[in-house]
Amino acid sequence: MRAWNATPVVITVAPCGAEVTREQNPAVPYTAAEIAREVAEAAEEGATIAHLHVRNSDGSPAHSATAFTDAMSEIRATTRIVCNVSTGGAVWMTIDERLECLEAGPDMAGVETGSLNFAGDPFVTSGEDTARVIAAAEERTLPLEAECFDLGHVAEAARLHSSGAPIRLANLVLGVPGGAPATPAALQTMIGELPSELPWGVTAVGRHQQRMLALAVLLGADAIRVGLEDNIYAGKGRLAPSNRQLVANARRLVESLGRRIATLDETHDLLDMKGDR
Ligand code: KMH
Ligand code: ZN
């Protein structure tokens with residue numbers, strides 16, 4: 001078993017997600033230019049992966065390849081951060097809509113490996129849906145991040161990884177109502193279902209976020225995720241002014257616990273993105 005601090009920690013920024021609004025926090029980016037600015041600032045603070053959703057100008061979730069292309073062209077004009085598109089989208093999107101982002105030429109994509117009631121709404125990803133995302137990623141030689149909201153999703157990600165799917169990272173998502181709780185026991189159990197060679201990271205939403213990310217870093221996580229998608233606060237009752245601030249806080253957390261954050265090259269290595277330098 002490798003030491004808990006043997007590897008650097010990748011920081012992923014999730015700048016806007018699909019659900020959070022400007023009414024909740026005015027810093028939430030909607031347009032391609034706003035998303036690109038938030039991502040560029042996050043990259044300056046050390047984020048090396050951007051988990052991307054896109055929005056229409058009124059803030060509603062978008063899914064067209066054009067909307068993703070617009071955002072990624074603006075992002076790529078200023079930074080080489082890994083553009084990791086969400087095929088989770090929003091709960092009401094069809095799988096065809098969720099797959100449109102792959103037409104935009106991302107560096108990486110997410111894949112859901114099961115269903116849940118996402119904060120009360122059915123968020124359905126059938127086995128066939130997962131297989132379609134995997135096939136589309138294989139066709140484009142894209143690394144995948146499995147978005148695991150519950151223990152069964154981790155087991156399924158492990159099974160798919162072992163059968164050769166290009167899953168390079170398992171993102172253990174804690175604290176979404178309807179999914180795995182943000183508790184040390186839940187995290188330990190999820191880690192226990194992973195094959196030892198599969199890198200893993202943690203996303204935690206809500207008030208237990210800092211504690212769970214700290215625990216992840218101490219348990220040897222390969223990655224942690226922060227951003228306005230997951231938490232609109234930068235402290236108790238204090239709205240986050242930007243994604244930059246959230247990434248800076250995450251970096252401080254990692255370093256204060258005796259680890260360092262990953263460079264872009266190290267992130268490419270982790271994801272097995274050969275030749276992408
Ligand atoms: N917006 C959620 C329904 C993902 O990006 O893969 C799904 C989500 C997860 O945000
Ligand atoms: Zn997302």
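See the structure printed just above.
Anyway, here's the lowdown on the structure attached to this text. This one's a predicted model, so the numbers in the text were calculated from it and none came from an experiment. (Residues numbered from 1 in each chain as written. Chains lettered and ligands numbered in written order. Predicted model: local features only at pLDDT ≥ 70, side-chain atom pairs only at ≥ 80, totals over all residues. Heavy atoms only, no water.)

Here we come to the coordination of the zinc ion (ligand 2). Every protein donor of the zinc ion (ligand 2) is accounted for by H51 (NE2), H53 (NE2) and E229 (OE), and the metal-donor separations fall at 2.1 Å. All donors of the zinc ion (ligand 2) come from a single chain, and their spacing in sequence reads H-x1-H-x175-E. There is no split in this pair, since H51 and H53 are both buried. (Donors = N, O, S within 2.8 Å, 3.2 Å for Na, K, Ca; no water. Buried < 20%, exposed > 50% of the residue type's maximum accessible area, 1.4 Å probe, protein only.)

Spatial strand order, β1-β2-β5-β6-β9-β10-β11-β12: eight strands in a closed barrel with parallel pairing. The mean inter-strand angle of the sheet, taken between neighbouring strand axes irrespective of direction, is 25°. Note: strand β1 (residues 10–13) against strand β2 (residues 49–52), two bridges, orientation parallel. The partner of V13 across the bridge, within β2, is A50. (Pairing = 2+ DSSP bridges. Helix = DSSP H or I, 4+ residues; strand = E, 2+ residues; numbered from the N terminus. Axes fitted to C-alpha atoms, helices over the stretch in contact; angles between N-to-C directions.)

Where helix α1 (residues 32–44) meets helix α8 (residues 243–256), the axes come as close as 8 Å, and the angle between the chain directions of the two elements is 20°. Between α1 and α8, the angle falls in the class roughly parallel. Crossing of α1 against α8: the hand is right-handed. Only N243, R244 and V247 of α8 make contact with α1, whose side of the interface consists of E38, E41, A42 and E44. (Parallel < 35°, antiparallel > 145°, perpendicular 65-115°, else oblique. Left-handed = near helix turned anticlockwise from the far one by under 90°. Contact = heavy atoms within 4.5 Å.)

One pass over the structure, following the stated rule, counts 15 salt bridges. Salt-bridge contacts for D230 lead to R225; the nearest nitrogen and oxygen are separated by 2.7 Å. Residues D230 and R225 agree in their burial class; the two are buried. Residues R251 and E255 are paired through a salt bridge, measuring 3.0 Å at the closest nitrogen-oxygen approach. Of this pair, R251 and E255 both sit in helix α8, four residues apart, roughly one helical turn. On the accessibility criterion, R251 (30% relative accessible area) is partly exposed. Shared partners join several salt bridges into a network, and the residues in it are E41, E44, E45 and R244. (Salt bridge = Lys/Arg side-chain N within 4 Å of Asp/Glu carboxyl O.)

So, on to the packing of aromatic side chains. The tally for this structure, following the rule as stated, stands at three aromatic pairs. Ring geometry for F118 against F123: centres 5.7 Å apart, planes inclined by 75°, an arrangement best described as edge-to-face. Accessibility assignment for this pair places F118 and F123 in one class, buried. The exposure class assigned to F123 is buried, which follows from its relative accessible area of 5%. Joined through ring pairs, the aromatic side chains of F118, F123 and F149 make up one cluster. Residue placement shows R22 over the ring face of Y30; its charged tip is 4.0 Å from the ring centre. (Phe/Tyr/Trp six-rings, centres within 6.5 Å; stacked < 30°, edge-to-face > 60°. Lys NZ or Arg CZ within 6 Å of the ring centre and 35° of its normal.)

With that out of the way, let us pick up the environment of L219. Within the element layout of this structure, L219 appears in helix α7 (residues 209–219). A sequence separation of 80 residues divides L219 from E139, and the C-alpha atoms of the two residues are 34 Å apart.

On to the site of ligand 1. Around ligand 1, a shell composed of 14 residues is seen, among which E19, H51, S86, G89 and E112 lie nearest. At a separation of 2.6 Å, an oxygen atom of ligand 1 approaches a polar side-chain atom of E112. Relative to its free-state accessible area of 300 Å², ligand 1 is covered by the protein chains to the extent of 98%. Grouping the constituent residues of the shell around ligand 1 by class yields five nonpolar, five polar and four charged. (Near = heavy atom within 4 Å. Polar contact = N/O pair within 3.5 Å; in protein donor to acceptor, adjacent residues only side chain to side chain. Areas by Shrake-Rupley, 256 points an atom, 1.4 Å probe, with all protein chains shown as cover. Nonpolar A, V, L, I, M, F, W, Y, C, P; charged D, E, K, R; others polar.)

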